[in-house]
Structure formats: structure tokens, C-alpha cells
Amino acid sequence: SKYTEDLLKDFGMSNASPLKLPMDVHLKLSIDKGEPLVNPHSYQKLLGKLIYLTVTRPDLTFAVHTLTQFMHSPTNIHMQAAKRVLRYLKGSKNQGILFAAASGAQLTAYCDSDWASCPFSRKSTSGFCILFGDSPVSWKTKKQTVVARSSAEAEYRAMALASCEISWLTNLFKDLGICSLPPTLLK
């Protein structure tokens, strides 16, 4: 929460009114809407700090991922959307990842994709979240590298991404001495 408070102070948002969502669900960002920022460095600096914050705040991942697509030529609309994320942080400073004190040694993975979600490239977005017992240990959202021809193909690519992470985590746990994990559930 100290990092969040410092971030709000650095960008003059300490007294901003808090919001309940990091991004307006009806906002469609694009490269050509809005006036280009005279100094894009402040936008880039803000997003760099927000990217760092997503390490412990997965609730910001989608909004920050969306805003980073405009790092090279941000407009005033992109900056307004980034400041909305700061207003969301104002109301959720103490949120973070909580680890269960006692839960079973079982990996469970959830994955999904959003077929052709990028309006510019028509690429799909994959995402996964992996839990160890009741605690999140790994999560990721990523635009797929190729255009999927169907929603099923996009889903298979999301499952492949999650499966690679499950394999890596399983080997990591073996190296840490946790060898008797049951098969991982992929949902």
C-alpha cells in the first residue's frame, strides 16, 4: 500500500475520488482517438510503475495490459484511462494477494481466451490463473502471437500456455521437495 500511496502522490492523485473499477467497460481505446500527448514520457513512466504493481495486483492486469498497447503514441484519452486506474487504486490501496494458512497441496489451473479480441490485429487474448491449494501462485494475460481461425483454436492456445506453466511449476515444486502432487486440474 505504501507503493500505491507514493504512486498516487507522484502523479498528483492523492486527493482524487476513488472508483470501483479500474477501466470503463464501454471505453474502446484506439490509436487515432484523442490529441497526442506533447510529452509521452509521463504516460510511459506511469505505465511502467503500474506494470510493476501488477506483480502483486492481478486485478490491474487487464487494464494495464490494454493501456500498454499505446505506449509509443499515447493520447490524452489514454492518459485519462491511466488516471482512472490511479483513481481505482485510491479506493483499493490495501488489496493484494492473500495466501491461505492451511490448504491442500494441489495445483488447480483456470484458463480462458477471448477470441479475436484485439480490434486492430484480430488476435485473441489468453489468460490463466494457477492456484496451489487455495492460494494463487501464477497468473498471466497475453495476446496470442497469431490470429486464431476459430474460438476453439484460441482456447487450445490458452490451454497450451497454461499447461507450460503447470509443467514448470510442477518441476519447481519437485526441486523444493514437494514430490507427491496429485495430477493438476485444468479448468
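Everything below is about the structure printed above this text.
Treat the numbers as computed from the prediction; the structure is a model and nothing was measured.

Student: How should I be thinking about the environment of Leu89 in this particular structure?
Tutor: The residue Leu89 is located in helix α4 (residues 76-91) in this model. Judged by its relative accessible area of 0%, Leu89 falls in the buried class. Once the C-alpha coordinates of Leu89 and Ala102 are considered, the two residues, 13 residues apart in sequence, prove to be 29 Å apart. Excluding residues that lie within four positions of it along the chain, Leu89 makes contacts with Thr4, Leu7, Leu50, Leu53, Arg57 and Leu60.

Student: Got a minute to help me understand the sheet that holds strand β1 (residues 107-114) in this structure?
Tutor: Strand-to-strand pairing in sheets goes through backbone hydrogen bonds, with the strands running parallel or antiparallel. Taken in spatial order, the 4 strands line up as β3-β2-β1-β4 in an open sheet, and their pairing is mixed. This sheet does not close on itself; its edge strands, each paired only once, are β3 (135-143) and β4 (185-186). Pairing analysis gives 2 bridges linking β1 to β4, with the strands arranged parallel. Within β4, the position partnered with Ala109 by the bridge is Leu186. Sitting on the sheet, helix α5 (residues 151-175) touches β1, β2 (125-132), β3 and β4, and the angle it makes with β1 is about 155 degrees.

Analysis parameters
Residues numbered from 1 in each chain as written. Predicted model: local features only at pLDDT ≥ 70, side-chain atom pairs only at ≥ 80, totals over all residues. Heavy atoms only, no water. Helix = DSSP H or I, 4+ residues; strand = E, 2+ residues; numbered from the N terminus. Buried < 20%, exposed > 50% of the residue type's maximum accessible area, 1.4 Å probe, protein only. Contact = heavy atoms within 4.5 Å. Pairing = 2+ DSSP bridges. Axes fitted to C-alpha atoms, helices over the stretch in contact; angles between N-to-C directions.

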